[in-house]
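Listed below are the residues making up each chain.
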Amino acid sequence: MTDHHTLPFGVFSQTPDGERRVGVRVDDTVLDVSRLDLPHAADFASSSLNAFLARGRAHWDDVRARLQALLAAGTEHLLPAQGLTLHLPIEVADYVDFYSSRHHAENIGRMFRPDSPPLTPNWTHLPIGYHGRSGTVAVSGTPVVRPSGQRKAPTDDVPTFGPSRRLDIEAEVGFVVGTPSDLGTPVPIGDFAEHVFGVCLVNDWSSRDLQAWEYVPLGPFLGKSFLTSVSPWVVPLAALEAARVPAPPRDTPLLPYLDDAEHPWGLDLELTVSLNGEVVSSPPFGSMYWTAAQQLAHLTVNGASLRTGDLLASGTVSGPQRDQRGSFIELGWGGAEVLTLADGSTRSFLEDGDVVSISATAPGPGGTRISFGEVTGEVLPAR
Ligand code: MN
């Protein structure tokens, strides 16, 4: 069946160094939006989605309706997707990474702080996050060069310098901001869909040995900033109505600005993590404790403004079961458990040459499934 519903936006060129323009994926083709008679058509002859995204919800919905009508009537501006080069779809403004899976936070807490309760006292009161490095967000397919840095195991007296021995992934979901907001003015939780255009997949590559030594007291830094990969297609929120679910029950009363009873933005995405083509995990995004709407409300409650191109990542998606963990540190329990692959080999952390791919689907209209495509990358040796 022809998918005129998902209509994910991306940026493509017909040769690797060719002119970039905006496209919409339709089955195995890409609709060259820059060739269509649309309002503000110049936005689409562009190397990023930002100009289109900045125009806001009413315009996004208008363009979506016009695309659906054009596709229903038939258009000649469909290019075979195979052979096109896909680029980073947005010019990333600010990048914030959250920590919103309770199962992930509890797993990490047990490993990093075995003598303390797994969740810190603030965790059920606010969506914890940190500001990441937007300049090292790259499109799927970009290889990850194994980072070097300071590592110090608890049994070492002093740190040593060298390639990370604990290179990991974090399977996450990203939310792309279109409409900016005013400095000093919080964005209420009910305005989420006025500001957020759509959803992509994120791999927050992470070096656990660099991270463990550097993260106290200010949080992640070089253990995270060497690369963050995103999928090339941004699925509009407008395509995800059938995927909306309430978040799981919260056991701590929410402050009013985070109360989402009237604004449920849980999304029933099923993620799949593959290592060298073998599925190793199936994290359920519907199990996330904090939603992106709550994250947006929290991010701006102090008056911090939004910019077009802001990227909010969910944090590692991990479910309650072992085969639902969204990182290798959880799958191998920090080296204490062994992840055995189909060929009999084992993994604790990533090896040079490993290829990791994260894909996802979600419920669409009438029992269909929406595909988010994938975000993939190969590990290259340290330089
Ligand atoms: Mn992360």
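These numbers come from a predicted model, not from an experiment.

1. Examining the overall build of the protein chain
Working step 1: When helices and strands are counted, the protein chain shows seven helices and 26 strands.
Working step 2: A compact globule built from 383 residues would reach a C-alpha radius of gyration of about 21 Å, and the protein chain, at 21 Å, matches this within 12%.
Working step 3: Projected onto the principal axes, the alpha-carbon positions of the protein chain cover approximately 65 × 50 × 40 Å.
Working step 4: Surface exposure of the protein chain reaches about 16100 Å², of which carbon and sulfur atoms provide 53%.
Working step 5: Distance between charge centres in the protein chain, computed from 27 positive and 45 negative side chains, equals 4 Å.

2. Digging into helix α6 (residues 292-300)
Working step 1: Among the nine residues that make up α6, eight are buried, leaving the element largely enclosed by the rest of the structure.
Working step 2: In this structure, the buried residues of α6 make contact with β6 (95-98), β7 (129-131), β13 (171-177), α4 (192-195), β14 (196-203) and β22 (311-313).

3. Some remarks on unusual backbone geometry
Working step 1: The omega torsion across valine 216 and proline 217 is 5°, close enough to zero to call that bond cis.
Working step 2: Phi at histidine 40 takes a positive value of approximately 55°, unusual for a residue other than glycine.

4. Regarding the environment of glycine 286
Working step 1: By the element assignment, glycine 286 lies in the loop between β21 (278-281) and α6.
Working step 2: A relative accessible area of 22% places glycine 286 in the partly exposed class.
Working step 3: Sequence spacing of glycine 286 and tryptophan 265 is 21 residues, and the spatial spacing of their C-alpha atoms is 9.6 Å.
Working step 4: Contact partners of glycine 286, with chain neighbours within four places excluded, come to Val245, Pro248, Leu267, Asp268 and Leu269.

5. A word on the coordination of the manganese ion
Think of it this way: four donors in a tetrahedron around the metal ideally sit 109.5 degrees apart, and six in an octahedron ideally sit 90 or 180 degrees apart.
Working step 1: At 2.1 to 2.2 Å from the manganese ion lie its protein donor atoms, namely Asp97 (OD), Glu170 (OE), Glu172 (OE) and Asp204 (OD).
Working step 2: Donor residues binding the manganese ion come from one chain and are separated in sequence as D-x72-E-x1-E-x31-D. Here aspartate 97 is found in strand β6, whereas its partner glutamate 172 is found in strand β13, with 75 residues between them in sequence.
Working step 3: Judged by relative accessible area, glutamate 172 falls into the buried class, the value being 0%.

6. Regarding the sheet that holds strand β4 (residues 78-80)
Working step 1: In space, the five strands of this open sheet follow the order β4-β3-β2-β1-β5, with antiparallel pairing throughout. Among the strands making up the open sheet, the edge pair consists of β4 and β5 (85-87). Geometrically, the sheet is characterised by an average inter-axis angle of 50° between neighbouring strands, direction not taken into account.
Working step 2: Here strand β3 (residues 29-32) runs beside β4; their pairing, made up of three bridges, is antiparallel. Along β4, the bridge assignment pairs threonine 29 with proline 80.

7. Brief notes about the pairing of strand β26 (residues 369-380)
Consecutive side chains along a regular strand alternate between the two faces of the sheet.
Working step 1: Pairing analysis gives two bridges linking strand β9 (residues 144-145) to β26, with the strands arranged parallel. Paired with valine 145 across the strands is leucine 380, a residue of β26.
Working step 2: Here eight bridges tie strand β25 (residues 355-363) to β26, and the two strands are oriented antiparallel to one another. Along β26, the bridge assignment pairs serine 357 with threonine 376.
Working step 3: Linkage of β25 to β26, two consecutive antiparallel strands, is achieved through a turn of five residues, within which glycine 366 is found at a positive phi near 60°.

8. Topic: the pattern of salt bridges
Working step 1: One pass over the full model with this rule turns up 20 salt bridges.
Working step 2: Measuring nitrogen to oxygen at the nearest pair gives 3.1 Å for the salt bridge that ties arginine 57 to aspartate 61. Taken as a pair, arginine 57 and aspartate 61 lie in helix α2 (residues 57-73) at a separation of four residues, close to a single helical turn.
Working step 3: Judged by relative accessible area, arginine 57 falls into the buried class, the value being 13%.
Working step 4: For the salt bridge of arginine 347 with glutamate 351, the shortest nitrogen-to-oxygen distance reads 3.7 Å.
Working step 5: By sharing partners, the salt bridges in this structure join Asp168, Glu170, Asp204, Arg208 and Lys224 into a single network.

9. Some thoughts on the sheet that holds β25
Working step 1: What the five strands build is an open sheet, ordered β9-β26-β25-β20-β21; its pairing is mixed. On the outer flanks of this sheet lie β9 and β21, each paired with one strand and no other.
Working step 2: The pairing of strand β20 (residues 270-275) with β25 spans six bridges and is classified as antiparallel. Following the sheet pairing, serine 274 is matched in β25 by serine 357.

10. With respect to the pairing of β6
Working step 1: Here β6 shows a buried face lined by Tyr95 and Asp97 and a second buried face lined by Val96 and Phe98.
Working step 2: Here β6 pairs with β22 via three bridges, running parallel. In the strand pairing of β22, aspartate 97 is matched with alanine 313.
Working step 3: Pairing geometry for β6 and β7, over three bridges, is antiparallel. When the sheet's bridge partners are listed, phenylalanine 98 is paired in β7 with glycine 129.

How each quantity is defined
- As a convention, each chain's residues are numbered from 1 in the sequence order in which they are written.
- Restriction of local features to residues with pLDDT of at least 70 applies here, the model being predicted, together with a cutoff of 80 or more for giving and counting side-chain atom pairs; totals for whole chains, interfaces and linings are based on all residues.
- With hydrogens and water set aside, each side-chain value is computed from the structure's full complement of heavy atoms.
- Where helices and strands are cited, they refer to DSSP runs of H or I of at least four residues and of E of at least two residues respectively, numbered from the N terminus.
- Our radius of gyration looks at C-alpha atoms and nothing else; its globule reference is 2.2 Å times the residue count to the power 0.38.
- For the accessible areas, the method is Shrake-Rupley and the probe is 1.4 Å, while residue cover comes only from the protein chains on display.
- We treat Lys and Arg as the positive residues and Asp and Glu as the negative residues; His and chain ends play no part in the count.
- Charge placement uses NZ in Lys and CZ in Arg. For Asp and Glu, CG and CD serve respectively.
- Burial status follows relative accessibility: with a 1.4 Å probe on protein chains alone, a residue under 20% of its type maximum counts as buried, one over 50% as exposed, and anything between as partly exposed.
- Throughout, a contact is declared for two residues whenever any of their heavy atoms are within 4.5 Å.
- Listed donor atoms are N, O and S within 2.8 Å of the metal (Na, K and Ca: 3.2 Å). As water is not included, a site may look incomplete.
- Pairing between strands is defined by DSSP: at least two bridges between the two strands are required.
- Orientation is described by lines fitted to C-alpha atoms, with helices fitted over the stretch in contact, and by angles between N-to-C directions that extend from 0 to 180 degrees.
- Any carboxyl oxygen of Asp or Glu within 4 Å of a side-chain nitrogen of Lys or Arg constitutes a salt bridge here.

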